[in-house]
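# Geometric and topological summary
Listed below are the residues making up each chain.
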Amino acid sequence: MSATDTTSVTPAETDVAEVQARLEAAGVRYALAGFSDVHGRLKGKVVPIAHLANMAGGSELFTGAAVDGVPQEINDEEVSAQPDLDRVFVLPWKKDVAYFPSTLYTEGKPFEAGSRHILQRQIAAAAELGLKFNLGIETEFFVLDDGPDGPTEVSDRDTAEKPCYDLTTTLDNFGWLTELVEAMDELGWDVYSFDHEDARGQFEIDFMYADALTMADRVAFFRLMAGEIARKHGHFASFMAKPFADRTGSGAHFNMSLADLDTGANLFAEGDDPHGVGVSEIGYHFIAGILRHAKAISAVIAPTVNSYKRLVRKGSTSGSTWAPVFVSYGDNNRTNMIRVPSAGGRVECRAADISCNPYLGAAMLLAAGLEGVREHLDPGAPHRENMYDYSDAQIAELGIGMLPRNLSEAIDEFEADSLSREVFGEALYNSFIDLKRGEWESYASHVSAWETERYLKFF
């Protein structure tokens, strides 16, 4: 949080009465106790601000069986949302409401299958090693209008085959776009760049990294905020991974580093660089752990049927999808799953898309990276070449793994990898597999317009 942030409570101010007094002075009338379901969608209840103390004590109860990915039976004790008083967001577009990211509890202890608690467990595992996990997540998304023949771009000039960085259409979208950027800065997020992305109707907003829990809270809230502000201007925001077959998809690149828990020093930026791509030895161990478990991680960071239509080599009129298909790493080379940007000192996972649950994605990546650190794994030589130029046969000869081709393959990998059960816990591990297998089976049995157009009168 910035020193000038007036809508967030500083970490030292965790006394409920102080928090309530500050919010009331700012005009807040209602408080939301919110949490993410397995999809990363926010759920919650609303209380008048006078009842904040009750909410802080866990008064807001939820029937888990009514929410995707909260593996409970209807006879189980409800989960309660325990608000994090240090990370409150006053809604910039509705300033009489404050949102509190919350951790789910049941039977007097954190709920094992709660997304936020799953990340907190891995953060604690890092702390046991004297490490802090810092994270930045790039937000790519579409903002569109509903047209009579389907979704259309907000700007009628947004027609180029290669619209990336186009200033004319960026300015055409300044109404909703700058309101969103200013809202993010009002919350103390420190936006440092935003632009028109590679697809028509697509945008990216980049803001400063933070500790992983803060960043996951922000990205989960960002999707709500962006959707509400776009709607206020008569548009809609989409966080679908690849809404259009001929355009690039929306990533959520995870930029990761480990810091010394006591000093805050970036450990990926200090020490020897054995492979010469811009990170220290511990950074390579971290990369190697992610590569070891990359296929299972894919099910979490690319969690939908649609996600795998983004993770392809071709599929964009601009000439590239900018998305990885190989389990590989390299320097400032966007054709690898793991990239070390030119400034060094961090590693970027490019396989994640904006539809993922940021808590679960961060937890899987951190757990895998910590395994690499503990076991001093070596990722081998980096790939500096254009990985898209290789054929599948050449990739096989080189011994490079491929990311899953579809959600079904990804879930098979998730189920087979012991890390998945370790990170998710038994209940959510099983629930996630069942939910995603159901999604795949529903998709596989659906008869699409493509099929009827191709086959109905063909034979």
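For the structure itself, look to the data block above.
Residues numbered from 1 in each chain as written. Predicted model: local features only at pLDDT ≥ 70, side-chain atom pairs only at ≥ 80, totals over all residues. Heavy atoms only, no water.

## Details of empty space enclosed by the protein
With a probe scaled to a water molecule rolled over the atoms, the places where space remains empty come into view. Just so we agree on the cut-off: In this analysis the probe radius is 1.4 Å and the grid spacing 1 Å, with only protein atoms considered; a cavity is a set of points the probe fits into but cannot get out of, a pocket is an open set with protein on both sides within 12 Å along at least five of seven lines, and lining residues have an atom within 4 Å of a point. Grid points are joined across faces, edges and corners, and a volume is the space filled by probe spheres set on the points. Think of it this way: any DSSP run of H or I at least four residues long counts as a helix, any run of E at least two long counts as a strand, and we number them from the N terminus. Think of it as three bins: nonpolar holds Ala, Val, Leu, Ile, Met, Phe, Trp, Tyr, Cys and Pro, charged holds Asp, Glu, Lys and Arg, and polar takes everything else, Gly as well.
All chains considered together, the criterion is met by 2 cavities of 30 Å³ or more. By volume, the largest cavity is sized at about 100 Å³. Ser36, Leu104, Gly114, Ser115 and Arg116 are the residues nearest the centre of the largest cavity, which is lined by 16 residues in total. Broken down by secondary-structure element, the contributors of at least two residues to the lining of the largest cavity are strand E1 (30-36), strand E6 (97-106) and helix H3 (115-128). Taken together, the residues that form the lining of the largest cavity break down as 6 nonpolar, 7 polar and 3 charged.

## A short note on the pairing of strand E4 (residues 79-83)
Rules: Exposure is judged per residue with a 1.4 Å probe applied to protein chains only, and the accessible area is read against the type maximum: over 50% gives exposed, under 20% gives buried, and values in between give partly exposed. Any two strands are treated as partners once DSSP identifies two or more bridges connecting them.
Of all 5 residues in E4, 4 are buried; the element is thus mostly enclosed. Here 2 bridges tie strand E3 (residues 61-62) to E4, and the two strands are oriented antiparallel to one another. In the strand pairing of E4, Leu61 is matched with Ser80. Direction of pairing for E4 relative to E6: antiparallel, over a ladder of 4 bridges. The residue bridging Pro83 from the neighbouring strand is Ser102, located in E6.

## With respect to the side chain of Arg87
Threshold: Within 3.5 Å is the distance limit for a polar contact, defined as a pair of N or O atoms, with the added protein rule that one can donate a hydrogen and the other accept it, and that residues adjacent in sequence qualify only through two side-chain atoms.
Take Arg87: it is sitting in the loop between E4 and strand E5 (89-90). Judged by its relative accessible area of 17%, Arg87 falls in the buried class. Here Asp84 takes part through its side chain, which lies 2.9 Å from a polar atom of the side chain of Arg87.

## Quick look at the sheet that holds strand E15 (residues 254-260)
Note the cut-off: Only heavy atoms enter the contact rule, under which two residues are in contact if any of them lie within 4.5 Å. Throughout, an axis means a line fitted to C-alpha atoms (over the contacting stretch in the case of helices), and angles, computed between N-to-C directions, take values from 0 to 180 degrees.
Sheet architecture is open: 6 strands sit in the order E13-E8-E15-E19-E18-E17, paired in mixed fashion. Of all strands in the sheet, those bounded by a partner on one side alone are strand E13 (210-211) and strand E17 (329-330). As paired elements, strand E18 (residues 338-339) and strand E19 (residues 347-349) share 2 bridges and run antiparallel to each other. Its bridge partner lying in E19, Ile338 is registered against Cys349. This element, helix H7 (residues 281-292), spans strand E8 (131-137), E15, E17, E18 and E19 of the sheet and lies at about 135° to E15.

## Notes on the side chain of His285
With respect to the helices, strands and loops of the structure, His285 is situated in helix H7. Not counting the four nearest positions on each side in its chain, His285 is found in contact with Gly369, Gly372, Val373, His376 and Leu377.

## Brief notes about the pattern of salt bridges
How we decide: What counts as a salt bridge is simple: a side-chain nitrogen of Lys or Arg found within 4 Å of a carboxyl oxygen of Asp or Glu.
As enumerated under the stated definition, the model contains 21 salt bridges in all. One salt bridge connects Lys95 with Glu186, and the closest N-O pair in it is separated by 2.2 Å. Placement of Lys95 in the loop between E5 and E6 and of Glu186 in helix H5 (residues 174-186) is noted, with a sequence separation of 91 residues between them. Across the salt bridge formed by Glu153 and Arg247, the nearest N and O atoms sit 2.8 Å from each other. Here the residue Glu153 occupies a position in strand E10 (residues 150-153), and Arg247 occupies one in the loop between strand E14 (236-238) and E15, the gap between them amounting to 94 residues.

## Quick look at the pairing of E1
Remember that side chains alternate between the two faces of the sheet whenever the strand is regular. Most of E1 sits out of view: 6 of its 7 residues are buried. Where E1 lies against E6, 5 bridges are found, and the strand directions are parallel. By the bridge assignment for E6, Gly34 is matched with Pro101. In this structure, E1 lies alongside strand E2 (residues 42-48), joined through 7 bridges in antiparallel fashion. Within the sheet, the bridge partner assigned to Ser36 lies in E2 and is Leu42. With antiparallel pairing between neighbouring strands as the criterion, E1 and E2 make up a hairpin whose turn holds 5 residues, including Gly40 at a positive phi of roughly 90°.

## Brief notes about unusual backbone geometry
In this structure, Tyr165 is a non-glycine residue whose phi angle is positive, near 70°. Assignment of secondary structure puts Tyr165 in the loop between E10 and helix H4 (167-172).

## A word on the nonpolar core
Nonpolar side chains tend toward joint burial in soluble globular proteins. For the record, the criterion: We call a set of buried Ala, Val, Leu, Ile, Met, Phe, Trp, Tyr and Cys residues a nonpolar core when their side-chain atoms join them within 4.5 Å.
Phe100, Leu180, Phe254, Met256, Phe286 and Phe424 are the most contacted members of the largest nonpolar core, which has 124 residues in total. Broken down by element, the residue count for this core peaks at 12 residues, all from helix H6 (residues 212-232). Counting 6 residues, the second-largest nonpolar core is a separate cluster that includes Val325, Phe326, Ile395 and Ile400.

## Considering a nonpolar patch on the surface
Condition: Only residues whose relative accessible area exceeds 30% and that take part in no salt bridge are eligible for patches, with like-charged residues grouped when within 9 Å of each other and nonpolar side chains (Val, Leu, Ile, Met, Phe, Trp, Tyr) grouped when within 5 Å. Accessible surface is estimated by sampling points in the Shrake-Rupley manner with a 1.4 Å probe; for residues, cover comes only from the protein chains shown.
On the surface, a nonpolar cluster with roughly 570 Å² of combined accessible area is contributed by Trp450, Tyr455, Phe458 and Phe459. Counting through the fold element by element, Trp450 comes out in helix H13 (residues 449-455).

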